[in-house]
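# Chain and residue survey
Chain by chain, the residues:
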Amino acid sequence: VLAPMQGTAWAGRRVLITAGPTYEDLDPVRYLGNRSSGRMGYAVAAAAAAQGAEVTLVSGPVTLATPPGVRRIDVRSAEAMHAAVLDALPGQHVFIATAAVADFRPRERQASKIKKQAGSGLALDLVQNPDILADVAARQPRPFVVGFAAETDDVERYARDKLVRKKLDMIAANRVGTDDCGFDSDRNALAVLWHDGGAQVDMADKATVARRLLELILARLPDGA
Ligand code: CTP
Ligand code: CA
């Protein structure tokens, strides 16, 4: 693994990043979770720290090493990620939500392992998790807010819809479910959208994509933020 390019472009900026999946426990041995390696978020955290930012990374369960200079807070569920983000939020200049947050959790976590009954299925009672990104974007004062959108089709239309609906400053969209992109891949390509423009980040290794995304963000931060 190559070290991210060093620099000082982000010196004095505080960046809060969510990454990885969340796991929503059904019982002591089972969970519902999203597919996510965490690699894109960790690459953004590593690149921001290498450029001088003060980075806090709120991470779901992943098997990645903490990038140098990054403060990492480990969480498991969406509710725990939400609480950790709100706790770390004061004083942040930029919030980047790369986490694949589980949209639903079981209404109740069973204290004992759920046993199967001969021949019958199982219906799960699920409730919606808090939308961490929309919650941060709704706060005042708020950091510059960047969302991610992993879509299987109509990538830009769904992404622009999320940009507007969640009141984001920027959204980075990628197509998932194809071979050389997204999940479990070392490479990625992004369509980055903001309210009065957008840019393509071409297919590259995730460290390069992360650096390019950070350049796009930095160019749009209010002066002195
Ligand atoms: N996100 C979040 N909290 C949630 C769900 C999503 O912070 N409970 C963030 C993700 O980290 C990502 C963005 O919202 O930055 C978009 O996530 P996505 O799952 O694409 O959006 P949803 O609003 O959950 O819509 P969908 O029904 O397509 O899953
Ligand atoms: Ca979702």
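Residues numbered from 1 in each chain as written. Chains lettered and ligands numbered in written order. Predicted model: local features only at pLDDT ≥ 70, side-chain atom pairs only at ≥ 80, totals over all residues. Heavy atoms only, no water.

Surveying the vicinity of ligand 1 reveals the residues Ala97, Ala99, Val101, Asp103, Pro130, Asp131, Ile132, Leu133, Gly147, Phe148, Lys162 and Lys166. Note that an oxygen atom of ligand 1 is positioned 2.9 Å from one of the backbone N or O atoms of leucine 133. Between ligand 1 and the protein, one listed contact pairs an oxygen atom with a backbone N or O atom of phenylalanine 148 at 2.9 Å. Computed on the free molecule, ligand 1 has an accessible area of 570 Å², of which 76% lies beneath the protein chains in the complex. Across the shell around ligand 1, the residue classes tally to 7 nonpolar, 1 polar and 4 charged. (Near = heavy atom within 4 Å. Polar contact = N/O pair within 3.5 Å; in protein donor to acceptor, adjacent residues only side chain to side chain. Areas by Shrake-Rupley, 256 points an atom, 1.4 Å probe, with all protein chains shown as cover. Nonpolar A, V, L, I, M, F, W, Y, C, P; charged D, E, K, R; others polar.)

Its place among the elements puts glutamate 54 in strand 4 (residues 54-59). The contact partners of glutamate 54, leaving out residues within four places of it in the chain, are Arg13, Arg14 and Val15. (Helix = DSSP H or I, 4+ residues; strand = E, 2+ residues; numbered from the N terminus. Contact = heavy atoms within 4.5 Å.)

Turning our eyes to something else, we now look at the UniProt feature "binding site: CTP" (unreviewed entry) in the chain. When the UniProt feature table is mapped onto this chain, "binding site: CTP" (unreviewed entry) is found at Asp103, Lys113, Pro130, Asp131, Ile132, Leu133, Phe148, Lys162 and Lys166. The greatest C-alpha distance among the residues just named is 37.5 Å, and with 64 residues of sequence between them they are spread in space as well. Those residues in contact with aspartate 103 that lie beyond four places of it in its chain are Val127, Gln128 and Asn129. Here isoleucine 132 is to be found in helix 3 (residues 132-137). Residue contacts for isoleucine 132: discarding those within four places in its chain leaves Ala78, Met81, His82, Val85, Phe95 and Val101. (UniProt positions renumbered as here; feature names shortened; annotations may be inferred.)

For the rest of this paragraph, the subject is the pairing of strand 2 (residues 23-27). By the criterion of burial, strand 2 is predominantly enclosed, with 4 of the 5 residues buried. Two elements, strand 2 and strand 3 (residues 30-33), share 4 bridges in a ladder whose sense is antiparallel. Residue pairing for strand 3: tyrosine 23 is matched across the bridge by glycine 33. Between strand 2 and strand 3, which pair antiparallel one after the other, the connecting turn spans 2 residues. (Buried < 20%, exposed > 50% of the residue type's maximum accessible area, 1.4 Å probe, protein only. Pairing = 2+ DSSP bridges.)

We now examine the coordination of the calcium ion (ligand 2). Protein-derived ligands of the calcium ion (ligand 2) are Asp103 (OD) and Asp103 (OD), with the metal-ligand distances lying across 2.4 to 2.6 Å. Among the structural elements, aspartate 103 can be located in the loop between strand 6 (94-97) and strand 7 (104-106). (Donors = N, O, S within 2.8 Å, 3.2 Å for Na, K, Ca; no water.)

The next thing to look at is the nonpolar core. Within soluble globular proteins, side chains that are nonpolar generally end up buried alongside one another. One finds Ile96, Met170, Val192 and Ile217 to be the most contacted residues of the largest nonpolar core, which totals 37 residues. A total of 8 residues in this core trace back to one element, the largest contributor, which is helix 1 (residues 39-50). When neighbours within four sequence positions are excluded, isoleucine 217 is seen to be in contact with Trp10, Val94, Ile96, Phe144, Val146 and Met170. (Core = buried A, V, L, I, M, F, W, Y, C linked by side-chain atoms within 4.5 Å.)

Close inspection of predicted coordinates is inappropriate in any region flagged by low pLDDT. Summing up the model confidence of the chain, the mean pLDDT is 94 and the portion of residues at 70 or higher is 95%. Model confidence for the complex is summarised by a pTM of 0.95, with the ipTM given as 0.98. (pLDDT = per-residue confidence, 0-100.)

Moving on to helix 1. Compared with an ideal rise of 1.5 Å per residue, which puts 12 residues at 16 Å, helix 1 spans 16 Å between its outermost C-alpha atoms and is within 8% of the ideal. Among the 12 residues of helix 1, 11 are classified as buried, and the element is accordingly described as predominantly covered. Within helix 1, burial applies to Met40, Gly41, Tyr42, Ala43, Val44, Ala45, Ala46, Ala47, Ala48, Ala49 and Ala50. Directly after helix 1, the chain includes glycine 52, whose backbone phi takes a positive value near 100 degrees. (Expected span 1.5 Å × (residues − 1).)

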